[in-house]
Amino acid sequence: MISAIAWVPKGASRPEPEVAELPSKDEIEEMIKSGSLDRSEDNGSEDEDEDMDAEAEKQTGEVAQALAVADALGKTSNKKSGTQLDDLTDGLKELDMEHYDDEDDGIHLFSKGLGDLYYPSNDMDPYLKDGDDDDSEEIEDMMIRPMDAVIVCAHNEDDVGHLEVWIYEDSDKGDSNMYVHHDIIISAFPLCTAWLDCPLKGGEKGNFVAVGSMEPSIEIWDLDIIDEIQPCSVLGGAVEKKTKKGKKKSKYKEGSHTGAVLGLAWNKEYRNILASASADKQVKIWDVAAGKCNITMEHHEGKVQAVAWNHHVPQVLLSGSFDRSVVMKDGRVPSHSGFKWTVTAEVECLAWDPHTDYSFVVSLEDGTVQGYDIRAAKSDPSSESKPSFTLHAHDKAACTLSYNPAAPNLLATGSMDKTVKLWDLSNNQPSCLVSRNPKAGAVFSISFSQDSPFLLAIGGSKGKLGVWDSLSETAVSGQFGNYSQPKRPKT
């Protein structure tokens, strides 16, 4: 299944990703000591270890026995098949193997033709051309061009969590090509992702993805490195220490979540800031450059499912919870109670309208989507602010939604009912433009591209990434086609 999707801006990826160096013995030992390579799942008892040793000894004994039998059979056959041995001896004499290396005067083993030519460089040697071509093809396959769209999928298959880095190639002819460029094995079931360009390794910008999982930690991976086995940074999490009796005891790092991380949001204005939502009922604000938690907020009474920063007022943060509430807080004054909206069901997802600084939508477990205008918010908790609209979008949980970054009032929603729908929210009177079953199973994550605004990435329970060109739909192109000019990456 695909639980989360994140687009990487065009031009943000390194054209030639690096291949990770294998860790040294000392580094591996350090990983084991720090708990990075957790061996706690190896619950085998000493009896099992003894059984394995005994099995190994048994296999060794069987091999030795087989060799002895073969040797014995050889000796027996020597006695019984003298004629065959005589024939073999005669054949060897005829080949004259003892004088095999002696050269005859009339025979030249090495030619005096083109094969004897000396080439100053391998590039001039025609016999090496094919190998060079193969190498160049492999290098070209691993290249990421500035115009390539990159999509990161949080994927889980057969209880193995990993990130898939996809390349989406689109051409002017209308045909497209998609393939997995590389993947990254992660330690736990991934639940959410957030792309960020905070320069964690120096320079002006980076290319990283933060991953929240069933663990209380947040892993940050460098997308420009292939075959990496360790995240470049880990926020929070538990550390295992051995007691005097030799037993392992877990202790949370300072500022860590104590439950699964269900939602993440990167602040594009303050690029070192990341917000997280957790099953421990907390919302945290992290400084990813310093690797520490700056602010912890506990304004929800249930698991916090989603967080989102305002696009125009980047200090303002929304959070949505299983306690059927949405809360807006200002990160500059986290002690303030903020503003609260009560909704009709558990929150699944929420998003700020990128075209205004005062509107947001929230999708719920009962399939409805509600829109709100914060200008009508009331600080008195006893006074309820009514939604701008309530949309019965899906028959099952509306797990995910995404605003189109270019076309105002165009919203996409995805659901457990296996459909993705496109809505026109003009005048707070939503109308469905298109409903589609993308064959992804239950839809868990959708996202419009910033660079090609009408491309919608879709992931769900079947674990297959889909990309829908929504502008190919007549209802969409007729209403929003004038916003279709894609952004060009800086070169």
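Attention in this report is confined to the structure presented alongside it. Starting afresh in each chain, residues are numbered from 1 along the sequence in its written order. Since the coordinates come from a predicted model, pLDDT governs what is reported: local features require at least 70, and pairs of side-chain atoms require 80 or more to be given and counted, while whole-chain, interface and lining totals use all residues. The side-chain values count all of the structure's non-hydrogen atoms but skip hydrogen atoms and water molecules.

### Let's talk about the overall build of the chain
Line of reasoning, step 1. Counting its secondary structure elements, the chain contains 5 helices and 31 strands.
Line of reasoning, step 2. Exposure categories follow from relative accessible area, calculated using a 1.4 Å probe and restricted to protein chains: below 20% of the type maximum is buried, above 50% is exposed, and the middle band is partly exposed. When each of the 491 residues of the chain is scored for burial, the buried share is 41%.
Line of reasoning, step 3. Residues are treated as being in contact if the distance between any of their heavy atoms lies within 4.5 Å. Considering only residue pairs separated by 6 or more positions, the chain has 47% of its internal contacts joining residues 24 or more positions apart.
Line of reasoning, step 4. For the chain, the accessible surface area stands at approximately 28300 Å², while carbon and sulfur atoms represent 48% of it. Note on conventions: DSSP H or I runs of at least 4 residues are helices, E runs of at least 2 residues are strands, and numbering of each starts at the N terminus. Using the Shrake-Rupley algorithm and a 1.4 Å probe, accessible areas are obtained, with residue cover drawn only from the displayed protein chains.

### Things to note about the sheet that holds strand β16 (residues 292-297)
Line of reasoning, step 1. Ordered by their spatial adjacency, 4 strands build an open sheet running β13-β14-β15-β16, and the pairing between neighbours is antiparallel. Single-partner strands in this sheet number two, and they are β13 (261-266) and β16. Shown here is a sheet whose adjacent strand axes are inclined to one another by a mean of 25 degrees, direction ignored.
Line of reasoning, step 2. In this sheet, strand β14 (residues 273-278) lies alongside β13 in antiparallel orientation, the contact comprising 5 bridges. Along β14, the bridge assignment pairs Val261 with Ser278. Pairs of strands are assigned from DSSP output, requiring at least two bridges between the strands. Only the stretch in contact is used when a helix axis is fitted, and all axes are lines through C-alpha atoms; the angle between N-to-C directions ranges over 0 to 180 degrees.

### What to know about the pattern of salt bridges
Line of reasoning, step 1. The salt bridge criterion pairs a side-chain nitrogen of Lys or Arg with a carboxyl oxygen of Asp or Glu, the two atoms within 4 Å. The final tally for this structure, using the stated rule, is 8 salt bridges.
Line of reasoning, step 2. For the salt bridge of Arg271 with Asp197, the shortest nitrogen-to-oxygen distance reads 2.9 Å. In this pair, Arg271 sits in the loop between β13 and β14 while Asp197 sits in the loop between β6 (190-196) and β7 (208-213), placing the two residues 74 residues apart along the sequence.
Line of reasoning, step 3. Given the relative accessible area of 7%, Asp197 is considered buried.
Line of reasoning, step 4. We note a salt bridge from Asp222 to Lys201, for which the minimum N-O separation is 2.9 Å. Of this pair, Asp222 sits in strand β8 (residues 218-222) while Lys201 sits in the loop between β6 and β7, placing them 21 residues apart in sequence.
Line of reasoning, step 5. Judged by its relative accessible area of 9%, Asp222 is buried.

### Remarks on the sheet that holds strand β31 (residues 466-469)
Line of reasoning, step 1. One open sheet accounts for 3 strands, arranged β29-β30-β31; its pairing is antiparallel. Edge strands, defined here as strands with exactly one partner in the open sheet, are β29 (443-448) and β31. The mean inter-strand angle of the sheet, taken between neighbouring strand axes irrespective of direction, is 25 degrees.
Line of reasoning, step 2. Here β29 runs beside strand β30 (residues 455-460); their pairing, made up of 5 bridges, is antiparallel. By the bridge assignment for β30, Ser445 is matched with Gly459.

In short, geometric facts, not functional conclusions.
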